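Residues per chain are reported as follows:
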Amino acid sequence: MLKVNNIYFSYNRALTLKNIDFSIAKGECLAIAGESGSGKSTLLKLLYGEYDLNRGFIFWNKHQILGPEYNLIPGPDYMKYVSQEFDLMPFTSVENNIGKFLSNEDLNEKQRRIDELVAIVELQEVAKTKVKYLSGGQKQRVALARALAKEPEILLLDEPFSHIDNLKKQSLRRSLYSYLKQQNITCVVATHDKHDIVSFADSMLFLYQGEAIAFDSPKHLYEHPKNSLIASFFDEFNEFKISEVTDSKKFGVVIIYPHEIELAQSSNFKAVVKQSFFNGDHFLVNVSFNNRNVYFKHTKSLKSGQQICFKIDENIIKKRASILEDSFEFHSSI
Ligand code: ADP
Ligand code: MG
């Protein structure tokens, strides 16, 4: 089990991470989400023992993870960390980069393992190519394969698919995460891209300015976004004042995703169409409601200037109103 117990950390005077506390079981995949600068990479580095904590503890089972003050070489051998700056050997082949830390005792076994790893990251076509000739995305895949070569118990990944093009990303993610599950490797992934993790992570930790603002499964967080920062990670969203959608006199906003709004014959929600955006399997329709923008999904494009009515499912409104957190202030995209 990975246990992070009340940790605090600062690079200089201001605290970069405050009171982070969570644990995950062996074989689980945790996503660390949050805006740029929220402290994701710092948290991964602390898990790897790159810095000394100001306060708190980190344990992997019975081993305490210690920073450079107590442990000169960061990174215990049961842990591998793929940073945003993967440092590879540019003048040797993909295969040699991956095989660097594998034993030479049984060369057939070594080659079998290299082939297996090359296939997981889908680099068969460039296996014999020198790393310096590869694209950024291909290099990132070599770094992933190398981290897996001597199978770690925990794998720490910092934005692992950021350089990889969309065409490859989806199949690579599936193949990597299913390999990790199959081998029962615990994994912590920092990302700001929902596609990297929502289908794969068992839990998610949301950081905001160095503090944990939520910890739960991706599905739970999506369905019960406590605030707009969490909602914005998953999708575009609308905010309605609670008084606009219920009889309540309470102050606050509820989050409604675009697919939760439908056109209606008549309703109290009257709006005027501004624009329809083609989005593949649907159109995202932008309407003006109470002088602000509301977005919803629709199968067809609607004409600008057209008057429409829309409706929102009562149960969704109830569910969102019940989790409302009015102390949090974060205003986003829409
Ligand atoms: P994220 O990965 O979420 O983008 P980081 O962990 O990289 O965030 O950064 C968190 C905060 O710590 C930022 O304000 C960043 O400027 C600061 N920071 C990161 N690395 C250092 C460093 N080596 N020295 C001083 N400040 C740093
Ligand atoms: Mg980062």
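So, a few notes on the structure that sits alongside this text. Quick caveat, the model's predicted, so the values are computed rather than measured.

Quick word on the overall build of the protein chain
Counting its regular elements, the protein chain contains 10 helices and 17 strands. Taken along its principal axes, the extent of the C-alpha atoms in the protein chain is 75 × 45 × 35 Å. Within the protein chain, buried positions represent 49% of all 334 residues. Total accessible area computed for the protein chain in this model is approximately 17200 Å², and 48% of it derives from carbon and sulfur atoms. Taken as two groups, the 41 positive and 41 negative side-chain charges of the protein chain have centres that lie 3 Å from each other.

Some words on the site of ligand 1
Around ligand 1, a shell composed of Tyr11, Thr16, Glu35, Ser36, Gly37, Ser38, Gly39, Lys40, Ser41 and Thr42 is seen. A distance of 3.2 Å separates an oxygen atom of ligand 1 from a polar atom in the backbone of serine 38. Contacts to ligand 1 include lysine 40, whose side-chain N or O atom sits 2.9 Å from an oxygen atom. Here ligand 1, which alone exposes 560 Å², has 57% of that area covered by the protein. In the shell around ligand 1, the residues fall into 1 nonpolar, 7 polar and 2 charged.

Some words on the layout of surface pockets
Approximately 280 Å³ is the volume found for the second largest pocket. Around the second largest pocket sit 15 residues that line it, and Tyr81, Val82, Asp87, Phe101 and Arg146 are the ones nearest its centre. For the lining of the second largest pocket, the secondary-structure elements that each account for two or more residues are β6 (79–82) and α4 (136–149). Residue composition of the lining of the second largest pocket, by class: 9 nonpolar, 1 polar and 5 charged.

Thoughts on the nonpolar core
Counting 55 residues, the largest nonpolar core has Tyr177, Leu180, Met204 and Phe206 as its most contacted members. When residues in this core are grouped by element, the largest group, 7 residues, is from α4. In contact with leucine 180, not counting residues within four places along its chain, are Leu148, Leu155, Ile185 and Cys187. By size, the runner-up hydrophobic cluster in this structure holds 27 residues, among which are Ile32, Leu43, Leu46 and Met79.

Some details on the pattern of salt bridges
Any two side chains of opposite charge can pair, given that their charged atoms come close. What the rule picks out here adds up to 13 salt bridges. Its salt-bridge partner being arginine 173, residue aspartate 193 comes within 3.8 Å of it at the nearest N-O pair. Placement of the pair is aspartate 193 in the loop between β8 (186–191) and α6 (194–197) and arginine 173 in helix α5 (residues 166–182), with a sequence separation of 20 residues. Given the relative accessible area of 22%, aspartate 193 is considered partly exposed. Bridged by salt links that share partners, the residues Glu109, Arg112, Arg113, Glu116 and Glu151 form one connected network.

Considering the sheet that holds strand β14 (residues 269–278)
With antiparallel pairing, 5 strands are arranged side by side in an open sheet as β13-β17-β14-β15-β16. Each of the sheet's edge strands pairs with one partner strand only, and the pair in question is β13 (261–264) and β16 (292–298). Pairs of neighbouring strands in the sheet enclose a mean axial angle of 50°, with direction left out of account. Examined bridge by bridge, β14 and strand β17 (residues 307–312) share 4 bridges and lie antiparallel to one another. Its bridge partner lying in β17, lysine 270 is registered against cysteine 309.

Digging into the environment of serine 41
The residue serine 41 is located in helix α1 (residues 40–47) in this model. Spatially, the C-alpha atoms of serine 41 and lysine 297 are 35 Å apart, while their sequence positions differ by 256 residues. The residues contacting serine 41, other than those within four sequence positions of it, are Gln84 and Asp158. A distance of 3.1 Å separates polar atoms of two side chains, one belonging to serine 41 and the other to glutamine 84.

Description of unusual backbone geometry
Of note, the phi angle at asparagine 19 is positive, near 50°, even though the residue is not glycine. Locating asparagine 19 in the fold gives a position in strand β2 (residues 17–24). One non-glycine residue, asparagine 184, adopts positive backbone phi at about 60°. Note that asparagine 184 resides in the loop between α5 and β8.

Thoughts on the packing of aromatic side chains
Applying the stated criterion across every chain, the model contains 20 aromatic pairs. An angle of 90° between the planes, with centres 5.4 Å apart, marks the rings of phenylalanine 233 and phenylalanine 234 as edge-to-face. Grouping residues by exposure puts phenylalanine 233 and phenylalanine 234 together as buried. Ring pairs connect the aromatic residues Phe206, Tyr222, Phe233, Phe234 and Tyr257, which therefore count as one cluster. Here the basic side chain of arginine 55 rests over the ring of tyrosine 8, its NZ or CZ set 4.3 Å away from the ring centre.

The rules behind each value
Residues numbered from 1 in each chain as written. Chains lettered and ligands numbered in written order. Predicted model: local features only at pLDDT ≥ 70, side-chain atom pairs only at ≥ 80, totals over all residues. Heavy atoms only, no water. Helix = DSSP H or I, 4+ residues; strand = E, 2+ residues; numbered from the N terminus. Buried < 20%, exposed > 50% of the residue type's maximum accessible area, 1.4 Å probe, protein only. Areas by Shrake-Rupley, 256 points an atom, 1.4 Å probe, with all protein chains shown as cover. Lys, Arg positive; Asp, Glu negative; His and termini not counted. Charge placed at Lys NZ, Arg CZ, Asp CG, Glu CD. Near = heavy atom within 4 Å. Polar contact = N/O pair within 3.5 Å; in protein donor to acceptor, adjacent residues only side chain to side chain. Nonpolar A, V, L, I, M, F, W, Y, C, P; charged D, E, K, R; others polar. 1 Å grid on protein atoms, 1.4 Å probe; cavity = no way out; pocket = protein on both sides within 12 Å on 5 of 7 lines; lining within 4 Å. Points joined across faces, edges and corners; volume = space filled by probe spheres on them. Core = buried A, V, L, I, M, F, W, Y, C linked by side-chain atoms within 4.5 Å. Contact = heavy atoms within 4.5 Å. Salt bridge = Lys/Arg side-chain N within 4 Å of Asp/Glu carboxyl O. Pairing = 2+ DSSP bridges. Axes fitted to C-alpha atoms, helices over the stretch in contact; angles between N-to-C directions. Phe/Tyr/Trp six-rings, centres within 6.5 Å; stacked < 30°, edge-to-face > 60°. Lys NZ or Arg CZ within 6 Å of the ring centre and 35° of its normal.

Nothing here speaks to function; it is all geometry.
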